[in-house]
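A closer look at the structure
Here are the chains, one letter per residue:
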Amino acid sequence: MTGGTNRGRAAAALLALLAAGGCSSLLAGKAEIPDRRKFIIEGQALRLSLPLSERPYELRVQVERFAIAKFYERDQIVFRLSPEEIRDDRYNLWAVRPSEMITNAVTGYLRAANLFTDLRPDFLDEAPEFTLTGTIDAIERFDSGDRWWARLDGSLQLVDGEGRIFWQHRFDPNEVEIFERDMVFTVQGMNQILRQTMIDAVRSLDRALLIRKASAEGRDLTGLLYQQNGNGSAGSTGERAEEVPRETEDYVVMPGKPAPRGD
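Residues numbered from 1 in each chain as written. Predicted model: local features only at pLDDT ≥ 70, side-chain atom pairs only at ≥ 80, totals over all residues. Heavy atoms only, no water.

1. Observations concerning the packing of helix α2 (residues 98-113) against helix α3 (residues 183-216)
Heads up, the rule is: Here an axis means a line fitted to C-alpha atoms, over the contact stretch when the element is a helix, while the angle between two N-to-C directions is reported on a 0 to 180 degree scale. Per the convention used, a helix needs a DSSP run of H or I reaching at least four residues, while a strand needs a run of E reaching at least two, with both numbered from the N terminus. Oblique is the label for any angle not covered by the other classes, which are roughly parallel (under 35 degrees), roughly antiparallel (over 145) and roughly perpendicular (65 to 115). A crossing counts as left-handed when the near helix is turned anticlockwise from the far one by less than a right angle, and as right-handed when that turn is clockwise. Between two residues, a contact is recorded if the distance between any of their heavy atoms is within 4.5 Å. Three categories are distinguished: nonpolar for Ala, Val, Leu, Ile, Met, Phe, Trp, Tyr, Cys and Pro, charged for Asp, Glu, Lys and Arg, and polar for the others, with Gly belonging to the last.
Relative to each other, α2 and α3 sit at 40°, their axes nearing to 11 Å. When the axes of α2 and α3 are compared, the pair comes out oblique. When you trace α2 past α3, the crossing you get is right-handed. Contacts from Ala 105, Val 106, Tyr 109, Leu 110 and Ala 113 of α2 reach α3 at Asn 191, Leu 194, Arg 195, Met 198 and Val 202. Here the contact of α2 with α3 is composed, by residue class, of 8 nonpolar, 1 polar and 1 charged.

See the structure below:
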């Protein structure tokens, strides 16, 4: 009995020593615990050439927070493994909830474009002429294991006081392929999508507002109806918007399919 008891005590002591060693390894930093990282998408200034523009237009525009599906409205960045399966990433988080983040980013782009004399989230003194609304249909990373896509899909609408849609615009493109696993490249891809969307949206909206203004003033619309303020059609006299950079010091977004793997 004594020999068995001693062996049991020795085994218990060995387990305690191993446990202590494991804890000390964690404390010493040998077993790394991933840091929680936070990301954000923000509006930026756009260098646009709009030769036909008459900005800013004398309009009050209220911005409503964009609508979004509930499973995207969370701190964790969502990634999709298949059309049926989604997960969220507890180590990669949004600094601001997606609906507020994209609303703020779009507002920032429009303020920088100087399209309206008054653009804000609420009007307490007098009713605005228009309300900017939007939907976020997807904000996610598609992960197939060895290939990744950043996806940011949605739409923008400018609605008048009677509830009629005056102007609308869909995100296009709404996804780009990413060639690095790190989540920062996915967020940069989403930034690229939103930036290109807002370049096109500002051009389209500026033209719609210019035609509205000219019509209200009884001006000849012939030239405006057959010209676009920027890119897009035959007969366009404007310059094309600046190209979204395909490569920076931080990331590369390559067009087309990736090169065949060598393994």
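2. Notes on the pairing of strand β2 (residues 57-63)
Quick reminder of the rule: Each residue gets one of three labels from its accessible area relative to the maximum for its type: buried under 20%, exposed over 50%, partly exposed in between, using a 1.4 Å probe on protein chains only. At least two DSSP bridges between two strands are required for those strands to pair.
Here β2 shows one buried face, formed by Tyr 57, Leu 59, Val 61 and Val 63, and one open face, formed by Glu 58, Arg 60 and Gln 62. Direction of pairing for β2 relative to strand β6 (residues 116-120): parallel, over a ladder of 4 bridges. Considered in β6, the bridge of Arg 60 is made with Asp 118.

3. Quick notes on the environment of Phe 39
Tracing the sequence through the fold places Phe 39 in strand β1 (residues 37-39). With relative accessibility at 10%, the residue Phe 39 sits in the buried group. Not counting the four nearest positions on each side in its chain, Phe 39 is found in contact with Ile 77, Asn 92, Leu 93, Trp 94, Ala 95, Met 183, Val 184 and Val 187.

4. Here's the deal with α2
Basically, it comes down to this: Multiplying 1.5 Å by the residue count of a helix minus one yields the expected span of that helix.
Given a rise of 1.5 Å per residue, 16 residues ought to cover 22 Å, and the 22 Å separating the end C-alpha atoms of α2 matches this to within 8%. Just downstream of α2 lies Asn 114, where phi reads positive at about 60°.

5. Overview of unusual backbone geometry
Here the bond from Arg 55 into Pro 56 is cis, since omega is -10°, no more than 30 degrees from zero. Looking at the element boundaries, Pro 56 is found in the loop between β1 and β2. In the segment running from Asp 172 into Pro 173, the intervening peptide bond is cis, with an omega of 0°. Positionally, Pro 173 belongs in the loop between β9 (165-170) and β10 (175-178). Positive phi is not limited to glycine here, since Asn 114 has a value of about 60°. Residue class for Asn 114 comes out partly exposed when judged on its relative accessible area of 38%.

6. Focus on the confidence of the model for the protein
Let me state the cut-off plainly: Each residue carries a pLDDT value, the predictor's own confidence for that position, ranging from 0 to 100.
Residues of the protein with pLDDT of at least 70 account for 73%, and the chain-wide mean is 81. Below a pLDDT of 50 lies the segment residues 17-27, which in the model reaches 3 contacts outside its immediate sequence neighbourhood of four places, other chains included. Every residue in residues 231-263 scores below 50 in pLDDT, and together they form 54 contacts with partners more than four places removed in sequence or on other chains.

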